[in-house]
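# Observations on the three-dimensional arrangement
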Amino acid sequence: MRHLISLKEQTKEDILEMLDLAKEIKEKRRRGEITNYLPNKTLIMLFQKSSTRTRLSFETAMTELGGHAIFLDSKTTQFVLTDFDDEIKAVMRFGDVLMFRARKAADVELAASFNWIPVIDACSEKYHPAQTLSDLLTMAEHSGGIENVKKITWLGIENNVSNTLKLACSKLGIQVFIAAPESDSNSQDNELKNQADKTGLIKYTLDLKEALEDSDYVHTDTWMNMEFFEEGKVRPDFQAEFERRKEKFLPFQLSAKLIDSLAPQSKIMHCMPCHVGYEITKDAILHPNSVIFDQAENRLHMQKAIVLWLLEKKI
Ligand code: CP
């Protein structure tokens, strides 16, 4: 049975297959074709953390594939009352694929370990494989094929998104320059790091000129973790860490000035949500090189490809 957890388990061919599927299904949508390849199939979407894009894209993807998606918020279900392993086993009896935005990657791995239905890590503290796959689609589109992407740069903090991005890029032969003074300790996975590093394609540097020179795409993501915030405000117990990170990462902010001076050839990417004035400036989001909104839309096309690929469904 196939699962999508960290991309450690996928080969270069698997990744290219999902990319091709996403391109094809996107093109069918553009032509107005019906794409109901998954009638009577149900995707269960379990969220332990908030989401805009991941929820919208998976839910819309299932509608357009002729299937159905069920949204479960862990806070308003019996997950709060029970042992996780019992409750997830019951949940998995109702669907054909489980998409799980989890506080802990270990819980996604536990669900997958039962091998009952395919499981997707939809952003845990360590991985965000669906984001990475759709980012590859965006880069492929803007470069006339993923084989034309030679170098990308990651700015800011190393985290769940950079983990899966650097691993996938290294599998595809793309150089990744990481300009990050720190990595989020919760996101660390030595096995993943070793797999990526041993390709010789990952370079770690704090020299922005070196990191950005000849780079095709510059990516960044929030310096702050979701749990730092409650109702849009910084939680008092995370205020000190919030301030520390702000000071530490500000030299690595993705701005129009940075792009215009060091990487005018580079496209600007951010998986969103953007924290304007922190990891990215408004003028970078709106810069002519920005592909951020294409990147957001491509979540939809790639989610379809992921579900079809997991169910081994040809189109
Ligand atoms: N990039 C991403 O996963 O967005 P959401 O948190 O809104 O789902």
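For the structure itself, consult the block above.
Since the model is a prediction, treat every value here as computed from it, not as a measurement.

### Notes on the sheet that holds strand 11 (residues 267–270)
The five strands are arranged 7-6-5-8-11 in an open sheet whose pairing can be described as parallel. Looking along the sheet, the strands with just one partner apiece sit at the ends: strand 7 (202–204) and strand 11. Within this sheet the neighbouring strands show an average axis-to-axis angle of 20 degrees, counted without direction. In this sheet, strand 7 lies alongside strand 6 (residues 175–183) in parallel orientation, the contact comprising three bridges. If you follow Ile178 over to strand 7, its bridge partner there is Tyr204. Packing against the sheet, helix 5 (residues 129–143) makes contact with strand 5 (151–158), strand 8 (217–220) and strand 11, and its axis sits at approximately 155 degrees to strand 8.

### Overview of the sheet that holds strand 2 (residues 68–73)
As summarised here, the arrangement of the four strands in space is 2-1-3-4, forming an open sheet in which the pairing is parallel. Unpaired on one side and paired on the other, strand 2 and strand 4 (119–121) mark the two borders of the sheet. Sheet twist, expressed as the average angle between the axes of neighbouring strands with direction ignored, equals 20 degrees. In the sheet, strand 1 (residues 42–47) pairs with strand 2 via six bridges, with the strands oriented parallel. Residue pairing in the sheet places Leu43 in a bridge with Ala69 of strand 2. The sheet contacts of helix 4 (residues 105–113) involve strand 3 (97–101) and strand 4, and relative to strand 4 the element is tilted by about 170 degrees.

### Some remarks on the side chain of Asn225
Relative to the assigned elements, Asn225 resides in the loop between strand 8 and strand 9 (229–230). Of the polar contacts made by the side chain of Asn225, one reaches the side chain of Arg245; its length is 3.4 Å. Other than its neighbours up to four places away in sequence, Asn225 contacts Asp184, Asn186 and Arg245.

### A word on the side chain of Ser124
Turning to its location among the elements, Ser124 is positioned in the loop between strand 4 and helix 5. Reaching out from Ser124, the side chain makes a polar contact with the side chain of Asp121 at a distance of 2.7 Å. With residues near it in sequence (within four places) discarded, Ser124 still touches Lys49, Ala102, Lys104, Ala105 and Asn160.

### Some remarks on the packing of aromatic side chains
The tally for this structure, following the rule as stated, stands at eight aromatic pairs. On the basis of an interplanar angle of 35 degrees and a centroid distance of 5.7 Å, the ring pair of Phe114 and Trp116 is categorised as tilted. Residue Phe114 is classed as partly exposed on the basis of its relative accessible area of 22%. Ring geometry for Phe229 and Phe242: centres 6.1 Å apart, planes at 90 degrees, overall edge-to-face. One end of the pair, Phe229, is in strand 9; the other, Phe242, is in helix 9 (residues 239–249), and 13 residues separate them in sequence. Residue Phe229 is classed as partly exposed on the basis of its relative accessible area of 25%. An aromatic cluster of three or more residues is present, and its members are Phe79, Phe84 and Phe100. Note that Arg93 overlies the ring of Trp116, its terminal NZ or CZ placed 4.6 Å from the centroid. The ring of Phe177 has Lys151 sitting right over it, with the charged end atom 3.9 Å from the ring centre.

Conventions adopted
Residues numbered from 1 in each chain as written. Predicted model: local features only at pLDDT ≥ 70, side-chain atom pairs only at ≥ 80, totals over all residues. Heavy atoms only, no water. Pairing = 2+ DSSP bridges. Helix = DSSP H or I, 4+ residues; strand = E, 2+ residues; numbered from the N terminus. Axes fitted to C-alpha atoms, helices over the stretch in contact; angles between N-to-C directions. Contact = heavy atoms within 4.5 Å. Polar contact = N/O pair within 3.5 Å; in protein donor to acceptor, adjacent residues only side chain to side chain. Phe/Tyr/Trp six-rings, centres within 6.5 Å; stacked < 30°, edge-to-face > 60°. Buried < 20%, exposed > 50% of the residue type's maximum accessible area, 1.4 Å probe, protein only. Lys NZ or Arg CZ within 6 Å of the ring centre and 35° of its normal.

Nothing here speaks to function; it is all geometry.
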